[in-house]
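Overview (structure and organization)
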Amino acid sequence: MKIVLSSILACLCLFLLPAGPALGAPVSIGVDPVLWPEAQRSFFMDGPGLLLTPEQRTELRSINQEARELWIQRFLDKDPAPETKANELLEAIERRRRLADSEIASPADVRWQILFLNGRPQDRLIIDCGQAFKPTEVWTYVRGVDPQTGKAWERGAVVYRPGAGQSFRLWIPSDSKRALYIPQMEYWLEQWEELRGRIQAARFDLQTCRDAARKIDESTGIPGLTGARPNGSVTVRPIDNSAFLAAPRDLGAWAREAAKTEAPPPARPLDVQSVELRFPEREGQRMKMRALLRIGTEGLEAVEEEGKRLYSLTVQGLVEQDGQPFEEVRLRYRLPVPEDGEPLLLAVDRWLRPDKPFLLRLEIKDESGDAETRLTRGLMVPVMPTPDPMPAGIAGGEVVPEAVKKGEDSLILLPPAADVALGLWRAEALVTGQRIKKVVFLVDGERQLTRTNPPFTAEVRLAHFPTEQTVRIEGYDENGDLVAADEVILNQARGALGVWIVDPPRGSKVSGRTRARAEVMVPDGRRVQSLEFKVNDEPVATLTRPPWQTEIQVPDTDLAYVTAVVTLDDGSRAEAVRFLRSPQYLEEVEVNLVELYVAVTDRAGKPVKGLTQDDFEVLEGGKPQELSKFELVESLPLTLGILLDTSGSMAESLALAQSAASDFLRSVVKPRDKSFAVSFSGRTRLDMPPTDDVEAVVRSFENLQAVGDTALHDAIVHSLYYFRGVKGQRALVLLSDGDDNASNFQFKDALEYARRSGVAIYAIGYNLQGLSGLRGKLNELAEATGGRLFTTNKPEDLPGIYAQIEQELRSRYLLAYNTNQASGQAGYREVEVRVKKGLKARTIRGYYP
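Our subject in this report is the structure included herewith. It should be emphasised that the depicted structure is a prediction, and the values quoted were computed from it without experimental measurement. (Residues numbered from 1 in each chain as written. Predicted model: local features only at pLDDT ≥ 70, side-chain atom pairs only at ≥ 80, totals over all residues. Heavy atoms only, no water.)

1. Comments concerning the packing of helix α5 (residues 88-103) against helix α10 (residues 251-258)
In contact at an axis separation of 8 Å, α5 and α10 are set at 55° when each is read in the N-to-C sense. If you check the angle between α5 and α10, you find them oblique. Crossing handedness for the pair α5 and α10: left-handed. Packed against α5, whose contacting residues are Glu-88, Leu-89, Ala-92, Ile-93, Arg-95 and Arg-96, the element α10 presents Leu-251, Trp-254, Ala-255 and Ala-258 at the interface. Residue composition of the contact of α5 with α10, grouped by class: seven nonpolar, no polar and three charged. (Axes fitted to C-alpha atoms, helices over the stretch in contact; angles between N-to-C directions. Helix = DSSP H or I, 4+ residues; strand = E, 2+ residues; numbered from the N terminus. Parallel < 35°, antiparallel > 145°, perpendicular 65-115°, else oblique. Left-handed = near helix turned anticlockwise from the far one by under 90°. Contact = heavy atoms within 4.5 Å. Nonpolar A, V, L, I, M, F, W, Y, C, P; charged D, E, K, R; others polar.)

Right under this line is the structure:
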């Protein structure tokens, strides 16, 4: 049966699309395979080439393009079972590629290659113990049966990431086992082996991650660092697992077995009509590569958002150089449905090195449907650009910040490494030129410190709790003249545009001189151009930087209100109004409405649906309140935060915790919802800011490692800060196995911040034996915020716990009432919700007006 090569590869992986102009004419002998025609490149680099012997690979690289075409065709025509209708070799290649693609992003990753050659492993152990090992995995395969015991004979392939930004590779004895350890653990194990048993304690890697260290010992054949024994002898038999990457000795046998592989079904392809590669500009040592994608709309599924029909697409993938990741790609596109059915035009821009070959791998998905397409392009980046403005109608998918221009004498304030800064923050100024002799540090316009000698750094004092603040530095010459200045805005909330009036407080009745203060939510890539305060619609102050506060004069009239109007650099606007004196009907609607999200469970702890408004009683300060709104929240938008403990004590369970959290997010987060991810050990890290792209949040869990102390209190405050300005259903799911030992905040501060936030905290306490103090903290956080505490000692229980949280979040009730308490009453107001006998209601214990 004669089969055309291009049709084979198009069927296998949908990579064959019209080549862009960067691919050029037929390539000569000796050219990098990345630049071969796509069908030939894909054969050589993305699966089938792994079936070739070293001699065959050398031969294929030594012949010209036309000869390669014939060579590959002859190879694929080798049907191991000609008596059957199907070609088992082609079926095997297709199934193994689909299997590998479903698990690993790139064929350059050795894990993709192991899947392609060997199929799915019997077991895959992810080593997350960052206190001892680099990112490492052990893939266990059954290699036969022991004739003496009758038990399965297993071999474990150890794969590891040598360094940040590098692909995984297969460990072989020539690497030495040192390659698997972090430098500090390598040093400790050297000392342990040098003292040869005089240290009575267990081997250090066994102390920090016992099960993982034993599994790696078994799979490498080397106990410890070198296998040295207490008597000084070294008798080890390292296990060489290079056969996992060797070409099969019997291609026919491999094809017959691989053709039976259970692989995900082929995805419905998108209509990718063309891909063009352009190089419109160069800046310094980087050239802009622009991939222009033309996507047909047939088969795409539209979504309704605020009365508009939109297509929602994601483009994600990798740019590779020399078989290693160079840069990751993930872009989202929200595009209006064209009225005339015209195709969608997407632009993917990346800055690459001139005169170098690269491989661009992209996966394009319809977020609302099930269509997706993978495509790959090899390219040589030219030395000189070809100016080419962005065509009309092209969607960029991202906002590129403007470049900062620096003069000869300049001053730059480095932004903080963390997303949330508070307490004492070390501000670092970079000074260039000779004129600047003195640097002044200011916070919210108030001078704090002055430095007259390098290094120009200072610890400035910020607010106790995180809030938006401006740190400014000013550089002066020896005559006291201002030379340059710079500033950063700390703790700026990012999300949908919004503005909220914080002062005067809600319900206050003031007149005369008073302070007005607002908080602003700014979309990513945008900045605030101005914030204007008005009193009774008369402008009184215009601000261009935080803090967003000013003094206003409130008239002593029957009607008085303050308005805050924020305008962004793109012209978009938002406003908020607070009535300071108003008719009763206005006061009730705008000032005193209180919303409660209530979870109701039975005696078995299961959520209860089907209740009516009459089944509830709400009390504030012990006084009954009349409900003005009641509904089940199954379909209301939700903002969900995931907070994962990645301290060293999580080494044995972090992988399963990540997997369970990922499955939970995929299940609970709907298109109208948003989610974000935070991890913490000795410090807190925002892994993914709030987004409606749930897959981006899931991907942010990748490559987390368990290492370091536990700054639990700080992590709670930082995580809750990301809910700032967010309305509606909000929940934070926290998983931790250790009490705090590294925070700046006390627990009472974290608890108070949680009470003020109004966010329900669902806490998962893992392996809390002997940690009654931590159990008490987590329970108090949950009860104060209307959440719930779960505890377990088994990592396999985590999926079930997340399922319970999901069920509860989608079965809560929204109760709203207009408080009958005095509107000027300040301080914390206690709230109680009662429900009919036999059931339990949980919500926040109170709120601040």
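2. Here we look at the pattern of salt bridges
In this structure the tally under the stated criterion is 54 salt bridges. Among the ionic contacts, a cluster of salt bridges with common partners joins Arg-330, Arg-332, Arg-334, Glu-367, Asp-692 and Asp-693. (Salt bridge = Lys/Arg side-chain N within 4 Å of Asp/Glu carboxyl O.)

3. Thoughts on the packing of α5 against helix α6 (residues 110-118)
Where α5 meets α6, the closest approach of the two axes is 8 Å, and the angle between their N-to-C directions is 145°. Crossing geometry of α5 relative to α6 is assigned as right-handed. For the pair formed by α5 and α6, the contact residues are Ile-93, Arg-96, Arg-97, Leu-99, Ala-100, Asp-101 and Glu-103 on the first element and Trp-112, Leu-115, Phe-116, Leu-117 and Asn-118 on the second.

4. Topic: the sheet that holds strand β30 (residues 623-625)
Strand order in the open sheet made by the four strands is β30-β29-β39-β41, with antiparallel pairing throughout. Whereas interior strands pair on both sides, the edge strands pair on one side only; in this sheet they are β30 and β41 (846-847). (Pairing = 2+ DSSP bridges.)

5. With respect to the environment of Ile-216
Topologically, Ile-216 is positioned in helix α9 (residues 210-220). For Ile-216, a relative accessible area of 0% gives the class buried. Expressed as a C-alpha distance, the spacing of Ile-216 and Leu-180, which sit 36 residues apart in the sequence, is 9.3 Å. Discounting chain neighbours no more than four positions away, the residues touching Ile-216 are Ile-127, Phe-133, Thr-136, Val-138, Lys-177 and Leu-180. (Buried < 20%, exposed > 50% of the residue type's maximum accessible area, 1.4 Å probe, protein only.)

6. Points about the packing of aromatic side chains
Here the structure, examined in full by the defined rule, presents 16 aromatic pairs. A centroid spacing of 4.8 Å and a plane angle of 25° characterise the contact between Phe-133 and Tyr-181, whose relative ring orientation is stacked. With a gap of 48 residues between them, Phe-133 in the loop between β1 (123-127) and β2 (136-145) and Tyr-181 in the loop between β4 (169-170) and α7 (183-194) connect regions that are remote in the sequence. Of the two residues, Phe-133 and Tyr-181, neither departs from the other in class, the shared state being buried. The interplanar angle of 50° and the centroid separation of 5.6 Å between the aromatic rings of Phe-616 and Phe-630 together place this pair among those described as tilted. Pair noted here: Phe-616 is in strand β29 (residues 616-620) and Phe-630 is in strand β31 (residues 627-632), with a separation of 14 residues, a long-range link. Classification of Phe-616 as buried rests on a relative accessible area of 9%. Residue Phe-630 is classed as partly exposed on the basis of its relative accessible area, which comes to 23%. By way of ring pairs, the aromatic residues Phe-43, Trp-71 and Phe-75 are connected into one cluster. One cation-aromatic arrangement involves Arg-57 over Phe-44; the distance from NZ or CZ to the ring centre is 4.2 Å. (Phe/Tyr/Trp six-rings, centres within 6.5 Å; stacked < 30°, edge-to-face > 60°. Lys NZ or Arg CZ within 6 Å of the ring centre and 35° of its normal.)

Treat this as a map of the structure, not an account of what it does.
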